[in-house]
Amino acid sequence: MDEKTIKRFFNNKSGIIGGGIILILVLFALFAPLLSAHSPTIINSNALTLPPFSEGHFLGTDDVGRDLWSRLLYGARLSLGIGIAVVIISSIIGTTLGLFSGYFGGKVDWAIMRITDILMAFPSILLAIVVVSVLGPGLTNAVIAVAIVAIPQYIRIVRAAAMVEKNKDYTTAAINFGAKDTRIIFKEIFPNTLAPLIVQCSLGVSDAILNVAALGFLGLGARPPLPEWGTMLSDSRAFIQSAPWMVTLPGLSILIAVLGFNLLGDGLRDALNPKLKN
Amino acid sequence: MLTFFSKKLLELIPTLIGISLLTFFLVRIIPGDPVMMMLGERGSDPALYLEMKKNLGLDLPVYQQYLNYIGNMFHGDFGTSLVSKTPVLEEFWNRFPATLELSFVALLFAFSFGLVFGILAAVKHNSLWDYLLMTFSLVGYSMPIFWWGLILIIIFSVGLGLTPVAGRISMMFDFDTITGFYLIDTLINTELIEEEGFAPFVSSLSHLILPAIAMGTIPMAIIARMTRSSLLEVLHEEYIKVAKAKGLSPFRVVVVHALKNALIPIVTIAGLMFGTMITGAILTETIFSWPGIGKWLVASINARDYPVIQSGVLIIASMVVVINASVDLLYQYINPTLRK
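Reading the values: the criteria
- Residues numbered from 1 in each chain as written.
- Chains lettered and ligands numbered in written order.
- Predicted model: local features only at pLDDT ≥ 70, side-chain atom pairs only at ≥ 80, totals over all residues.
- Heavy atoms only, no water.
- Domains from an automatic or database assignment.
- Contact = heavy atoms within 4.5 Å.
- Buried area = accessible area lost by both parts, 1.4 Å probe.
- Helix = DSSP H or I, 4+ residues; strand = E, 2+ residues; numbered from the N terminus.
- Buried < 20%, exposed > 50% of the residue type's maximum accessible area, 1.4 Å probe, protein only.
- pLDDT = per-residue confidence, 0-100.
- Phe/Tyr/Trp six-rings, centres within 6.5 Å; stacked < 30°, edge-to-face > 60°.
- Lys NZ or Arg CZ within 6 Å of the ring centre and 35° of its normal.
- Salt bridge = Lys/Arg side-chain N within 4 Å of Asp/Glu carboxyl O.

Re the domain arrangement of chain B
Residue and element names in this part refer to chain B.
- With domains assigned, chain B is organised as domain 1 (1-83 + 305-340) and domain 2 (90-302).
- For domain 1 and domain 2, the distance between their C-alpha centroids amounts to 30 Å.
- On the domain 2 side, the residues contacting the 14 residues of domain 1 number 15 residues.
- Counting each side, the surface lost to burial between domain 1 and domain 2 is near 1,300 Å², with a carbon and sulfur contribution of 84%.

Spelled out as structure tokens, the structure:
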């Protein structure tokens, strides 16, 4: 990233707002134990379904008396962790396949593209549900399922970038020097595919948070009492009339986190690829 | 041209085979024995167990099972649900109209609001309107729809008491469906109208509104963003300057001249949104107890009803592939420059 790119990023409102939202979430997640006086999981029968702004419970409590503020803070840890884990798994696999596909072309490309087509034929949540039903419900399996679903996007983006770089002079020079394929792919081509990849990673975090929360909502993700936002939302459905804040707050947290990463992704795209901006 | 089409179609075959293999094997590694599932307690009898296994064709080698599965499919046999004992294809067709009706209304919502928002934002480029509408779209785009559906219920059903919470139509009305679309069926069934007037239609519409908004929100945001950027690009072209110079009204320049060309990418994106719509349907139908294929698939996964999962997922994935390929072909047919 050169100075111009960084300057463009800091002149970009959506990037700054998105980055700000994420920074606050990260701070909340890191300092969760300092920011809340209550445990996120301990049940308190003296404080059942207290509405927000109750004494000692700034955002109220849930049906078994757990402090919602504290659960949301620890939920931020989970959701950020989930987002990052999914992006790491899917981007490493997707980038490698995309680089091979774009660089080698021919049969390798054909095979990898057919795998991509097959994976992309399944609507994202549907494929994730099927994978979770094979692996069994739970947070780790939900993360794996959502990561598998995300792989094709990385393959396509990196492949397109690699196909462009393959025909440039520096690659030809490296080939003529007798460099090994793996060296050309990872040392020469890969650094030049980073710009679109970074944008995709930011958008990938928001997709991951959303999809893992959706699995939690369907009862296939994190298990209670883990304070995962989607699972909290699913548990709160019975209280939609009596304690609407139990429904409102976890969903709002998901929305804010997803919005933050989408804004950051938009800002990064405009900064890294000014041609795309209108 | 013809070779171009047939080449594209041939490319679909390996994808479709891959999908069928994937669903076939995924379902086979789902934990739980389907024979025990069907027999229940009676499965403890080994003779009965083996007989059932043979009847289901599960004693054959795996490749033979796969070939049988594909062979049966070409005869229209997609297996039988373990839970309801009805053919999967019949169950699918019973539920598909509900999902299709919901998707149509959701897309209608998405297009009407998305286009208006996008046009306004493009025409008032860099104004307060532009910022407000694009912020609004970005929030819509980031919306967890399973939460958004619940919020709509809290506001409109619980709070204001305006709309029902679940289902397609009030239980009071019982009638035979013709098209499977309740909005149409309640209007063309003269017998029903004589008895109940327009109450069934109103009931069906009020059941449909909230799920359609929940499901249409993300597509609406995508269409609004696409319309804005696509229109901004077109508005800088020479022919728009000519149209303006001719003294045409700004409305005519934007809606008739610019939008017509800006629409091509928008319609393409909408066509490719089928998969997104199914994801939307799975979540929306679960929230609103909408009796469509999304809710059906989630229920059959929970019940480990493996013929339903296998064929249901296969049918949907094949539809995604065929629809995406058709949109692609249509797009390239309209734009010959894209043909390679």
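What follows picks up the thread again.
Description of the side chain of aspartate 130 of chain B
Residue and element names in this part refer to chain B.
- With respect to the helices, strands and loops of the structure, aspartate 130 is situated in helix H6 (residues 128-141).
- The exposure class assigned to aspartate 130 is buried, which follows from its relative accessible area of 2%.
- Look past the residues within four positions of aspartate 130 in its chain and what remains in contact with it is Ala121, Lys124, His125 and Arg228.

Some details on unusual backbone geometry
- Following proline 224 of chain A, the chain continues into proline 225 of chain A via a peptide bond in cis, with omega recorded as 10°.
- Relative to the helices and strands, proline 225 of chain A is located in the loop between helix H10 (194-217) and helix H11 (229-235).
- The backbone phi angle of lysine 85 of chain B is positive, close to 65°, even though this residue is not glycine.
- Relative to the helices and strands, lysine 85 of chain B resides in the loop between helix H4 (62-74) and helix H5 (88-123).
- In the Ramachandran plot, asparagine 126 of chain B falls in the positive-phi region, its phi being about 65° despite a non-glycine side chain.
- Within the element layout of this structure, asparagine 126 of chain B appears in the loop between H5 and H6.

Brief notes about the confidence of the model for chain A
- Here chain A averages 87 in pLDDT, and 98% of its residues register 70 or above.
- When pLDDT is averaged over each helix and strand of chain A, the minimum, 80, is found for helix H1 (residues 3-10) of chain A and the maximum, 92, for helix H4 (residues 68-104) of chain A.

What about the packing of aromatic side chains?
- Under the defined criterion, the tally for this structure stands at 16 aromatic pairs over all chains.
- Summarising the aromatic geometry, the rings of phenylalanine 109 of chain B and phenylalanine 113 of chain B are spaced 5.1 Å apart at their centres and angled 45° between planes, so their arrangement reads as tilted. Remark: phenylalanine 113 of chain B and phenylalanine 109 of chain B occur in helix H5; sequence separation between them is 4 residues, near one turn of the helix.
- Since its relative accessible area comes to 40%, phenylalanine 113 of chain B is described here as partly exposed.
- The interplanar angle of 80° and the centroid separation of 5.6 Å between the aromatic rings of phenylalanine 117 of chain B and phenylalanine 136 of chain B together place this pair among those described as edge-to-face. Within this pair, whereas phenylalanine 117 of chain B is found in helix H5, its partner phenylalanine 136 of chain B is found in helix H6, the two being separated by 19 residues in sequence.
- The class for phenylalanine 136 of chain B is partly exposed, based on a relative accessible area of 46%.
- Connected via pairs of aromatic rings, a cluster forms that spans Phe100, Tyr103, Phe104 and Phe186 of chain A.
- Residue placement shows arginine 225 of chain B over the ring face of tyrosine 141 of chain B; its charged tip is 5.3 Å from the ring centre.

So, the pattern of salt bridges
- For the structure on display, the rule yields 7 salt bridges over all chains.
- Between arginine 159 of chain A and aspartate 109 of chain A there is a salt bridge; the shortest N-O distance is 2.7 Å. Taken together, the residues arginine 159 of chain A in helix H7 (residues 139-166) and aspartate 109 of chain A in helix H5 (residues 106-121) connect sequence positions 50 residues apart. Residues arginine 159 of chain A and aspartate 109 of chain A agree in their burial class; the two are buried.
- For the salt bridge of arginine 225 of chain B with aspartate 266 of chain A, the shortest nitrogen-to-oxygen distance reads 3.2 Å. Separated into two different chains, arginine 225 of chain B in helix H10 (residues 199-235) and aspartate 266 of chain A in helix H12 (residues 244-272) make up a pair that spans both.
- Among the residues examined, arginine 225 of chain B registers a relative accessible area of 23% and is labelled partly exposed.
- Given a relative accessible area of 13%, aspartate 266 of chain A falls into the buried group.
- Each of Asp266 and Arg269 of chain A together with Arg225 of chain B takes part in a single network of salt bridges with overlapping partners.

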